[in-house]
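Structural description and commentary
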Amino acid sequence: MREDKEFTQWWHNNAIGMWERWIPQDVKKGLEIGSFEGASAVWLMDHRPNLQLTCVDIFGPAFDDVTGEYEQRFERNVAEYGKRITKLKGKSQDVLDTLPQRKTYDLIYIDGDHSYEGAAQDAQAAYPLLKKGGVLIFDDYNNDQFGVKRAVDEFLENADGFEVLREEGDYQMAIRRL
């Protein structure tokens, strides 16, 4: 964790070992759905120096009651990366609909709406944007209090052209598009 950043939560710490295995050093273009205070974005910027990252979040009241105004913390936390980060504010489904509908991204990280419906919608909307050889990561796959696992499992049953990167014990799910 970077001591010079303003994080009220450091959930991302558990993902670092998985990301070191899954995300290539030379990754160029990424999409993050659910950015919160920017902890995962900061890690990606610091450890994947060629990455241009688009961060999508509602930046609204969902967490404000717990952590206060997290949008301003996000902006301060990622400011040093300048044009390497593009912030898009809104519900992921609305924002993803505005993006070019072609295989654009080398990396997509989904950590947005953890409900079954939200996770299923994000998976369906994001996968068509993933390039061949690109990595798609779902956060909180192993957390039974959310609907992520069911949504991801159903998505993977119906998707084609991928390989699973996740190992036993990983709490996230990752796939690579073939």
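Throughout what follows, the structure given in this document is the object of discussion.

So, how was this worked out
Residues numbered from 1 in each chain as written. Predicted model: local features only at pLDDT ≥ 70, side-chain atom pairs only at ≥ 80, totals over all residues. Heavy atoms only, no water. Helix = DSSP H or I, 4+ residues; strand = E, 2+ residues; numbered from the N terminus. Buried < 20%, exposed > 50% of the residue type's maximum accessible area, 1.4 Å probe, protein only. Contact = heavy atoms within 4.5 Å. Areas by Shrake-Rupley, 256 points an atom, 1.4 Å probe, with all protein chains shown as cover. Polar contact = N/O pair within 3.5 Å; in protein donor to acceptor, adjacent residues only side chain to side chain. Pairing = 2+ DSSP bridges. Right-handed = clockwise from strand over helix to strand, strands pointing away.

This paragraph deals with the overall build of the protein. Looking only at helices and strands, one finds seven helices and seven strands in the protein. Taken over 178 residues, the protein has a buried fraction of 50%. For the protein, restricting intrachain contacts to residue pairs at least 6 apart in sequence, the fraction spanning at least 24 positions comes to 70%. Within the structure as shown, the protein displays about 8700 Å² of accessible surface, and the carbon and sulfur contribution to it stands at 48%.

Along the chain, Lys5 turns up in the segment before helix H1 (16-22). A relative accessible area of 11% means that Lys5 is categorised as buried. Polar contacts involving the side chain of Lys5 include one to the main-chain carbonyl oxygen of Asn77, which spans 2.8 Å. Setting aside residues no more than four positions away along its own chain, Lys5 makes contact with Val42, Arg76, Asn77, Glu80 and Tyr81.

With that settled, the discussion passes to the pairing of strand S2 (residues 52-57). A large share of S2 lies buried, amounting to five of its six residues. Pairing of strand S1 (residues 29-33) with S2, which is carried by five bridges, proceeds in the parallel orientation. The residue bridging Ile33 from the neighbouring strand is Val56, located in S2. This β-α-β element, S1 to helix H2 (residues 39-47) to S2, shows right-handed connectivity. Across five bridges, the pairing between S2 and strand S3 (residues 85-89) is parallel. Across the sheet, residue Cys55 finds its bridge partner in S3, namely Lys87.

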